[in-house]
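Here are the chains, one letter per residue:
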Amino acid sequence: MAQSAKQNVCEMCRSARGSQFCLDCNQYFCVNCKTSHLRIAVCRDHRFKNSESATSDTSIFCQDHNESYVFVCDECQFPVCKICTVKSHKGHSMADIEETVSKKKIFFLASLNSTLNTDEVLELENSGNQIGQSEVMLNESVNSTVASIQRDGEVIKMLVDKIVDQMIQEVNTKSFNQKVLFNEALKKTNDAKEFTKSLRCKEAEIRTSKDTIRLLLEMMSLEGSFGKIKVPYIPTPFHFRYTKSMTKDYDIRALMGQVEIKVRRIFVDEEDVWSGRVFEFVLSHGTKLRKEICLLEGKLKTLKNQNDTEALILFYKNQMINELSRSDIPKIVPVFIEIKSNRRPFVMSSIEEFNMHVPGLVIAVTKDRTEADVVIIDNVELPNSIYISWLKSGSHYAAEISLGQNFKGTSKLKQAASMLAILHGIGFHSEITRLYSILAKSRIKDRNQNQIIKKFDPYSILLLGSMNLIEKGVLTFQVEDQNIEGLSELDKVVLNLLFPPCNTKDYKPKVSQKTGLLYCGRRVMADHNHPATSLTDGHCGPDNGANCPSCRTIKEQTISKMQRLGTLGKFQGWSGMVYCNNPKKNCGPSNGKPCQSCYNNIITAV
């Protein structure tokens, strides 16, 4: 500290206020002495640096004179200090800094706002999601291809092992046959040797025997057996040799299949389009959901006094059909957006809405039209009209959605119309409509609202308008109910049944020890109790209260929780809250505030 104070002593008055450092003299001066120093003829152009604080902002000081800026030169459009006004900017007109900044701020903010609202910025904001979605698509393709190559490789390995075993067996069989012949030759040789040995013994015996008739007969008998003394046939041994084949890489590749790089399509052929079997490839649990719907129909038929309230409760009790697998990845639908009008933000918002509420589905925006399974264009002039058709694009079919340029309505209505058009374009409409039509036989009385609801889901986006078939493969959509603002809570449930949620960076649900329910923590519960007031902080959990439609469709460890609720005659409505449908308590069945007993069931464990 003492050394620092000594260094900052003013050279002229010797005070310890030397905050100005002359770069040319390499000396410190106080503010007053700095002015005197600059008045010396030879020091007039010396440069100074403020040394009071290393963290001071030198950008607000004149670099030539180390003075604060006091004006803005109108001619040079640059800030100047009081010394600059009489030197390098002498004779120039000056403007007040605050006035200049105020005017500049207005023009700058207007320019900035215009820049931030361009299509390029909108695409830039969504490019991160698009890159992530494209990476998911790439990983899915790579993993599937590698698995196929490994499977074929294992098959070829099995074939190689089989051929190796056959070749070894062939060598061993031929070797065995030769060894049999060798054994036969060896036996004959040994027999001949034994016979020869017996003859040698007879020879010695005959030499000493008397010459009698008996000896004569014996010698005659022995002469007839001399033919046994001969060398047996010994086969030439096989010479086995394995000649190695010089197999090249391309010979092995010829045994394998070819790696094809292509985009998997939703609509395989024309029959898929016209028969309504769209999205069979994309739908994860489409078949499973249909089976559940059929089981639900069977249960409805067994009810003695069939009504929609009972049907609704049955659906709520049976909505958990998904299994959360860490190896699954979301289903991806590439979408190409050609429009350049003010409709683009609403389309992008609708896509973000889908991706947020259905973690098992990724609608990925692509800039390559040939890669897209859904193409959105803006060339229809009729107001409030949307055309949907399926056209052949190269080797595949794509759904083409034409949005009316003069489509009128609020921002929410335009976004909802875009969402419904995408739903129709990718084939969800028939799946959702079938479920809703089965469950909407008569009327549901929701005691929370004290009114009669005439449809299974009076807030479904499917009620936004009607679809009319103009010609083969061409539908027109007309808005009818402008009060529908987007996906209802039941729409979200059914979409999550069709597209089972997957573990992703944003969706990692956990079972709460407090309630026994699954929570993901995402902020997707703002409208969970529509049309009544929300009963959550907007988040799914993280450990209490109602959970989101995605989490409610997953089995995990929550099945036992639902079974315990069922024994109490309670269930989760579309709000995620628990209801007992007791008319005396004004509780349920879909939304609103539950009775105290049911409220306790969703806050704490049963």
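Not measured: the values here are computed from a predicted model.

1. Brief notes about the sheet that holds strand β2 (residues 27-29)
Taken in spatial order, the three strands make up an open sheet running β2-β1-β3, and their pairing is antiparallel. Bordering the open sheet on either side are β2 and β3 (48-50), each of which pairs with just one other strand. This sheet shows a mean twist of 35° between the axes of neighbouring strands, independent of strand direction.

2. A short note on the pattern of salt bridges
A side chain of one charge can pair with a side chain of the opposite charge if their charged atoms are brought near each other. Enumeration over the complete set of coordinates arrives at 10 salt bridges. Among the ionic pairs, Asp191 bridges to Lys187, the shortest N-O distance being 3.3 Å. With Asp191 and Lys187 both in helix α4 (residues 119-208) and four residues apart, this pair spans about one turn of that helix. Taking the relative accessible area as the measure of exposure, Asp191 reaches 44% and is therefore partly exposed. We classify Lys187 as exposed; its relative accessible area is 54%. A cluster of three or more residues bridged by salt bridges with shared partners is formed by Glu338, Arg369 and Glu400.

3. Considering the sheet that holds strand β4 (residues 71-73)
Taken in spatial order, the three strands of this open sheet run β5-β4-β6, and their pairing is antiparallel. Of all strands in the sheet, those bounded by a partner on one side alone are β5 (78-80) and β6 (94-96). Within this sheet the neighbouring strands show an average axis-to-axis angle of 45°, counted without direction. Taken together, the three bridges between β4 and β6 define a ladder with antiparallel strand orientation. The residue of β6 that forms the bridge with Phe71 is Asp96.

4. So, the packing of aromatic side chains
Applying the stated criterion across every chain yields a total of three aromatic pairs. Residues Phe21 and Tyr28 carry aromatic rings whose centres are separated by 4.8 Å and whose planes lie at 55° to one another, so their mutual orientation is tilted. The same class applies to Phe21 as to Tyr28, namely buried. When the ring of Tyr459 is compared with that of Trp574, the centres are 5.9 Å apart and the planes differ by 90°; the resulting orientation is edge-to-face. Separated by 115 residues along the polypeptide, Tyr459 in the loop between β13 (451-453) and β14 (465-471) and Trp574 in the loop between β18 (571-572) and β19 (578-579) bring together distant segments of the chain.

5. Quick word on empty space enclosed by the protein
Taken as a whole and assessed by the stated rule, the structure comprises one cavity of 30 Å³ or more. One number sums up the size of the largest cavity: a volume of about 40 Å³. Together, Met320, Leu517, Asn547, Cys551, Arg552, Thr558, Met562 and Gln572 line the largest cavity. For the lining of the largest cavity, the class distribution of residues is four nonpolar, three polar and one charged.

6. Focus: the nonpolar core
In a soluble, globular protein the nonpolar side chains are often hidden away together inside. Membership of the largest hydrophobic core comes to 54 residues, with the highest contact counts inside it found for Phe315, Ile401 and Leu464. For this core, the element with the highest residue contribution is helix α11 (residues 411-425), accounting for eight residues. When near neighbours in sequence (up to four residues on either side) are disregarded, Leu464 contacts Leu413, Ala416, Ala417, Leu420, Phe477, Gln478, Val479, Glu480, Asp481 and Ile484. Counting 24 residues, the second largest nonpolar core, distinct from the first, contains Tyr507, Tyr519, Cys551 and Met562.

7. Here's the deal with unusual backbone geometry
Note that the residue after His530, namely Pro531, is joined by a cis bond; omega there is 10°. Among the structural elements, Pro531 can be located in the loop between β17 (518-519) and α14 (549-552). Here the residue pair Gly541 and Pro542 is connected by a cis peptide bond, since its omega of 15° sits within 30 degrees of zero. By secondary structure assignment, the location of Pro542 is in the loop between β17 and α14. Notably, Gln77 is not glycine yet its phi reads approximately 55°, a positive angle. Relative to the helices and strands, Gln77 resides in the loop between β4 and β5. Look at Asn586: it is not a glycine, yet its phi comes out positive at around 55°. For Asn586, the position within the fold is in the loop between β19 and α16 (596-603).

8. Examining the confidence of the model for the chain
Averaged over all residues, the pLDDT of the chain is 78; the fraction at 70 or higher stands at 79%. Highest mean pLDDT in the chain belongs to α14 (93); lowest belongs to helix α1 (residues 2-7) (39). Taken as a whole, residues 1-7 scores under 50 in pLDDT and shows one contact with residues more than four places along the chain or in a different chain.

9. Structural notes on the packing of helix α10 (residues 344-357) against α11
With their axes 8 Å apart at the nearest point, α10 and α11 run at an angle of 65° to one another. Here the hand of the crossing between α10 and α11 comes out right-handed. Across from Phe346, Val347, Ser349, Ser350, Ile351, Glu353 and Phe354 in α10, the residues of α11 making contact are Ser411, Lys414, Gln415, Ser418, Met419, Ile422 and Leu423. Within the contact of α10 with α11, the residues separate by chemical class into seven nonpolar, five polar and two charged.

10. What to know about the environment of Ile603
Topologically, Ile603 is positioned in helix α16. Separated by 59 residues in the primary sequence, Ile603 and Asn544 have C-alpha atoms spaced 5.3 Å apart. Look past the residues within four positions of Ile603 in its chain and what remains in contact with it is Lys514, Thr515, Asn544 and Gly545.

11. Quick look at helix α2 (residues 31-39)
Every buried residue of α2 is accounted for by Cys33, Lys34, His37 and Leu38. On an axial view of α2, the arc spanned by its buried residues comes to 140°, and they lie on one face. In α2, the exposed positions angled more than 90 degrees off the buried face are occupied by Asn32 and Arg39. Contacts from the buried residues of α2 go to β1 (20-22), β2 and β3.

Cut-off values and rules
- Positions within a chain are numbered from 1, following the residues in the order the chain's sequence is written.
- Confidence filtering applies because this is a predicted model: local features only for residues at pLDDT of at least 70, side-chain atom pairs given and counted only at 80 or more, and all residues used for totals across whole chains, interfaces and linings.
- Excluded from the side-chain calculation are hydrogens and water; included are all heavy atoms of the structure.
- Two strands form a pair only when DSSP identifies at least two bridges running between them.
- Strands are runs of DSSP state E lasting at least two residues, helices are runs of H or I lasting at least four, and both sets are numbered from the N terminus onward.
- The axes are straight lines fitted to the C-alpha atoms, using for helices just the contacting stretch, and the angles between their N-to-C directions are given from 0 to 180°.
- By salt bridge we mean one thing: a side-chain nitrogen of Lys or Arg within 4 Å of a carboxyl oxygen of Asp or Glu.
- Accessibility here uses a 1.4 Å probe with only protein chains present; expressed as a share of the type maximum, an area under 20% marks a residue as buried, one over 50% as exposed, and anything in between as partly exposed.
- Here is the rule: rings of Phe, Tyr and Trp (six-membered ring for Trp) pair when centre to centre is within 6.5 Å. Planes less than 30 degrees apart are stacked, more than 60 are edge-to-face, and the remainder are tilted.
- Points on a 1 Å grid, built from protein atoms alone, make a cavity when a 1.4 Å probe fits but cannot get out and make a pocket when they are open with protein on both sides within 12 Å along at least 5 of 7 lines; residues with an atom within 4 Å of a point are the lining residues.
- Grid points are joined across faces, edges and corners, and a volume is the space filled by probe spheres set on the points.
- Polar here means any residue other than Ala, Val, Leu, Ile, Met, Phe, Trp, Tyr, Cys and Pro, which are nonpolar, and Asp, Glu, Lys and Arg, which are charged; Gly is therefore polar.
- Take the buried Ala, Val, Leu, Ile, Met, Phe, Trp, Tyr and Cys residues and link them wherever side-chain atoms come within 4.5 Å; each set so joined is a nonpolar core.
- Contacts: residue pairs with any heavy atoms within 4.5 Å of one another.
- Residue-level confidence of the predictor is what pLDDT reports, using numbers from 0 through 100.
- Take the far helix as the reference: if the near one is turned anticlockwise from it by less than a right angle, the crossing is left-handed, and if turned clockwise, right-handed.
- Directions from the helix axis toward the C-beta atoms define the arc.

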